[in-house]
Amino acid sequence: MSDNILKEIDPRNQRAVRIAKMEKLRAEGIDPYPPRPGEGRVSIASVRRDWDKLKQQVDNEHKIVKSGGIVRLAGRITAIRTHGKSVFFTIADGTGTFQLYIRKNSVEENMPDDPAAFERVKELDIGDFITSEGELFTTRTGEATQLVHKWAIICKTLLPLPEKYHGLTDPDLRLRQRYLDLMANPDVKSNFLKRALIIRTIREYLQNEGYVELETPVLTPLYGGATARPFKTHHNTLNIDLYMRIATELYLKRLIVGGFERVFEMGKVFRNEGVDRDHNPEFTLLELYEAYADYNRMMELAEGIVIASARAVGRFVEEETESPHIVDSGDKGILLDFEGDRISIIPPFRRIAFIDAIKDASGIDITTSDRADLISFFEREDIEYDTEAPYWPLVDKLFSETVEPKLIEPTFVVDYPVALSPLAKRKPDNPDLTERFELFILEREIANAFTELNDPIDQRKRMENQIEQRKRGDKGAPDIIDEDFLTALEHGMPPTGGMGIGIGRLVTILCGVHALKDVIPFPLLKPLESGK
RNA sequence: GAGGGUGUAGCUCAGUCGGUAGAGCACCGGCCUUUUAAGCCGGUUGCCGAGGGUUCGAUUCCCUCCGCCCUCACCA
């Protein structure tokens, strides 16, 4: 660096140094942020794909591709190795990384109008974007490389990127500056690609089944369709309070009433609750409803959706990445290795009844037990529980504690008690149970589905029951009845099967990660205040 | 919310049994035309998370607070 501008800069301030370099470029008449710089460029992946063809043109004596093997690349500099009158760069575009070799004589021959072209190469920083044009060859050590004839800067970067060897490891920074995480940790990007792939696969799957995708309101005067506390907001000109939806259920059912027979929506819902490994306050929920269907049909669909997603991820892994997580993805399904657990995602999934599952796991028969039985079990097993809670929430707790941890392989838990299922139809042979199932994989609840309750009188009773629970202190229960929904039901909803699938949780399983935040690009974080 | 851990250079981390700090990478200068965690020579890093206390003296000990991580609890 021989320029006066740079001598006055505190070298500790890397940003100031880079700004000075940028201003120097401007002073020399070079735009550090030019428009349309990438004309005629090819992707790094395509160069690698065509490498064999390009190799045909290699002159074995000089190890250099003859003319015709000239390509134009564009990307971000991720590493620099200078050698005096030559420099090696590693650049990355969206498809991969590639090595550039810039030699003094080469650029001077090919850029005769720009005598400083090589000196300026040495002022490039890691993070800058450049285009390079030149011939392909293989280095002594066997790496595919471009010998650069011409180059140009297309974006000067002002802040340094994460350290090249250790990368970015601070878990908080990884989330707050996700763009750095994406550059430093390739798995992150591949997980997001898998997420996109799963979402696309599910859409295609449902569309092939004749489903129509519709959007229902996010801002609603009432909230319902799930048990959760909502976010509240306000519309200014109407001067009304509104809630962010906690589920799409009640609106999608209105569409079934109106005559749609197969509808789904895949979108964000918002629940004003805690944040942990399996919960984010906003998350993507798939809900689907099918007229003239029941929960057996929903099990079929659940299997179909999970298998299709697993296969898509399996193909992606084979084509694009290495992943020891996916052991085998054949025609039948897929075999996952999840921290030593071998999980085969192959239909038909196992089915167990809710009551039997609890009996097997705890010895308690919930059809004959009472609250005191549950409490003595919790005391005996040293399980903490809500001492205020009534019977059915404690049953739910018992299930979570004793059954869920055993649900590793895909398992349908079927026939839930009516008290835990306010929107599901009762079983004809046992009105205390409902035609409902939840699908569990790796201890996580993936899907919740039932034969929908379409008896408007029963539905009203159950909603009134929930209001009672609310009065008894269950803050998740709704505090007002959605009369508009009940009116819709009174106009007649055909027998219908419906299902909800938490997309994020499904993605975590198929990506082999534990936490939802690993598959959400920007999970909710507390804003930074003081300290850092 | 409870318990445990942690916070030192731009990044990853070491260290000070109390005397205001180091390494590698990055950065700056020099050498180097097939390197790839390039190499060699030289150089700059820092309110040692914030506030308070003890002390002649605190980055180190004590207290409070803040952030992050782990375990548990809460949360269809």
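Everything here concerns the structure above.
Everything in this summary refers to the structure shown in the same document.

How each quantity is defined
- Residues numbered from 1 in each chain as written.
- Chains lettered and ligands numbered in written order.
- Predicted model: local features only at pLDDT ≥ 70, side-chain atom pairs only at ≥ 80, totals over all residues.
- Heavy atoms only, no water.
- Helix = DSSP H or I, 4+ residues; strand = E, 2+ residues; numbered from the N terminus.
- Buried < 20%, exposed > 50% of the residue type's maximum accessible area, 1.4 Å probe, protein only.
- Contact = heavy atoms within 4.5 Å.
- Polar contact = N/O pair within 3.5 Å; in protein donor to acceptor, adjacent residues only side chain to side chain.
- Pairing = 2+ DSSP bridges.
- Axes fitted to C-alpha atoms, helices over the stretch in contact; angles between N-to-C directions.
- Parallel < 35°, antiparallel > 145°, perpendicular 65-115°, else oblique.
- Left-handed = near helix turned anticlockwise from the far one by under 90°.
- Nonpolar A, V, L, I, M, F, W, Y, C, P; charged D, E, K, R; others polar.
- 1 Å grid on protein atoms, 1.4 Å probe; cavity = no way out; pocket = protein on both sides within 12 Å on 5 of 7 lines; lining within 4 Å.
- Points joined across faces, edges and corners; volume = space filled by probe spheres on them.
- Arc of directions from axis to C-beta.
- Salt bridge = Lys/Arg side-chain N within 4 Å of Asp/Glu carboxyl O.
- Phe/Tyr/Trp six-rings, centres within 6.5 Å; stacked < 30°, edge-to-face > 60°.
- Lys NZ or Arg CZ within 6 Å of the ring centre and 35° of its normal.
- Core = buried A, V, L, I, M, F, W, Y, C linked by side-chain atoms within 4.5 Å.

A few words now on the overall build of chain A. Looking only at helices and strands, chain A has 17 helices and 23 strands in total. Evaluated residue by residue, chain A yields a buried proportion of 48% over its 532 residues. Long-range pairs, those at least 24 residues apart, make up 63% of the contacts in chain A with a sequence separation of at least 6.

Here we come to the environment of S106. Inspection of the secondary structure assignment puts S106 in helix α5 (residues 104–110). Sequence separation between S106 and R26 is 80 residues, and the spatial gap between their C-alpha atoms is 24 Å. A distance of 2.9 Å separates the side chain of S106 from the backbone oxygen of V148, its partner in a polar contact.

This part is about the sheet that holds strand β8 (residues 212–213). To summarise the sheet geometry, strands pair through backbone hydrogen bonds and adopt either a parallel or an antiparallel arrangement. Within the open sheet, the 8 strands sit side by side as β8-β12-β13-β23-β22-β21-β18-β17. Their pairing is mixed. The open sheet has two free edges, formed respectively by β8 and β17 (350–353), since each of these has just one partner strand. Sheet topology places strand β13 (residues 282–291) next to strand β23 (residues 496–502); 7 bridges connect them, and they run antiparallel. The residue of β23 that forms the bridge with L285 is G502. Against the sheet, helix α9 (residues 186–208) contacts β8, β12 (262–270) and β13, and its axis sits at roughly 150° relative to β12. Strands β12, β13, β22 (444–451) and β23 of the sheet are contacted by helix α10 (residues 249–257), whose axis makes an angle of about 25° with β13.

Look at helix α15 (residues 456–471) against helix α16 (residues 483–490): their axes get within 9 Å of each other, and the N-to-C directions meet at 160°. On the basis of their axis angle, the class for α15 and α16 is roughly antiparallel. As for how α15 packs across α16, the hand of that crossing is right-handed. Each of P456, Q459, R460 and M463 in α15 lies in contact with α16, whose residues at this interface are E483, F485, L486, L489 and E490. The residue makeup of the contact of α15 with α16, split by class, is 5 nonpolar, 1 polar and 3 charged.

Turning to empty space enclosed by the protein, a few remarks are in order. In this structure the tally under the stated criterion is 1 cavity of 30 Å³ or more. Of the pockets and cavities examined, the largest cavity occupies roughly 60 Å³. If you trace the largest cavity, you find it lined by K21, L25, R120, E123, L124, W151, I153 and K156. Of all the secondary-structure elements, those providing two or more residues to the lining of the largest cavity are α2 (14–27) and β7 (144–155). Across the lining of the largest cavity, the residue classes break down as 4 nonpolar, no polar and 4 charged.

It helps to recall that an α-helix has 3.6 residues per turn; residues three or four apart then point in one direction. Among all positions of α16, only F485, L486, A488 and L489 are buried. End-on view of α16: buried residues confined to an arc of 155°, all on one side of the axis. Lining the buried residues of α16 we find α10 and α15. Within two residues after α16, G492 carries a phi angle of roughly 95°, on the positive side.

We now examine the pattern of salt bridges. Considering all chains together, one arrives at 32 salt bridges under this definition. Across the pair D125 and K21 runs a salt bridge, and its minimum N-O distance is 2.8 Å. With a gap of 104 residues between them, D125 in the loop between α6 (117–121) and β6 (129–138) and K21 in helix α2 connect regions that are remote in the sequence. No difference in accessibility class separates D125 from K21, as the two residues are buried. Here D278 makes a salt bridge to R444, at a shortest N to O gap of 3.8 Å. With D278 in the loop between β12 and β13 and R444 in strand β22, this residue pair connects regions lying 166 residues apart in the sequence. You can call R444 buried: its relative accessible area is 10%. Beyond isolated ion pairs, a larger network of salt bridges with shared partners links R18, K21, D125, D128 and K156.

Time to look at the sheet that holds strand β11 (residues 240–244). With antiparallel pairing, the 3 strands of this open sheet are ordered in space as β9-β11-β10. Two strands close off the open sheet at either side, each with one partner strand: β9 (219–220) and β10 (232–235). Sheet topology places β9 next to β11; 2 bridges connect them, and they run antiparallel. Among the inter-strand pairings, T220 is bridged to a residue of β11, identified as Y243.

All right, on to the side chain of E452 then. As for its placement among the helices and strands, E452 is situated in the loop between β22 and α15. Leave out the neighbours within four places in its chain, and E452 touches E249, K253, Y289, L423, K425, M493, T496, G497, G498 and M499.

Evaluated as defined, the whole model comprises 11 aromatic pairs. Judged by centre distance (4.5 Å) and plane angle (20°), the rings of F88 and Y101 are stacked. Separated by 13 residues along the polypeptide, F88 in strand β4 (residues 86–93) and Y101 in strand β5 (residues 96–103) bring together distant segments of the chain. Comparing F88 with Y101, the two get one shared label, buried. Consider the rings of F354 and F399, whose centres lie 4.9 Å apart with planes at 25°: the pair is stacked. Within this pair, whereas F354 is found in helix α12 (residues 354–362), its partner F399 is found in helix α14 (residues 391–402), the two being separated by 45 residues in sequence. Ring-pair connections join several aromatic residues into one group, and the members of that group are F354, F399, Y416 and F440. We note R254 situated over the ring of Y251; from NZ or CZ to the ring centre the distance is 4.4 Å. When the ring centre of Y416 is taken as reference, the NZ or CZ atom of R436 above it lies at 4.3 Å.

The next subject is the nonpolar core. It is characteristic of soluble globular proteins that their nonpolar side chains tend to be buried jointly. Counting residues in each nonpolar core, the largest one holds 48 residues, and the members touching the most others are L286, L288, F437 and M499. A per-element tally of this core places helix α11 (residues 295–320) first, with 11 residues. In this view, M499 contacts L286, E287, L288, M298, L301, A302, F437, A447, N448, A449 and E452; residues no more than four positions away in its chain are not counted.

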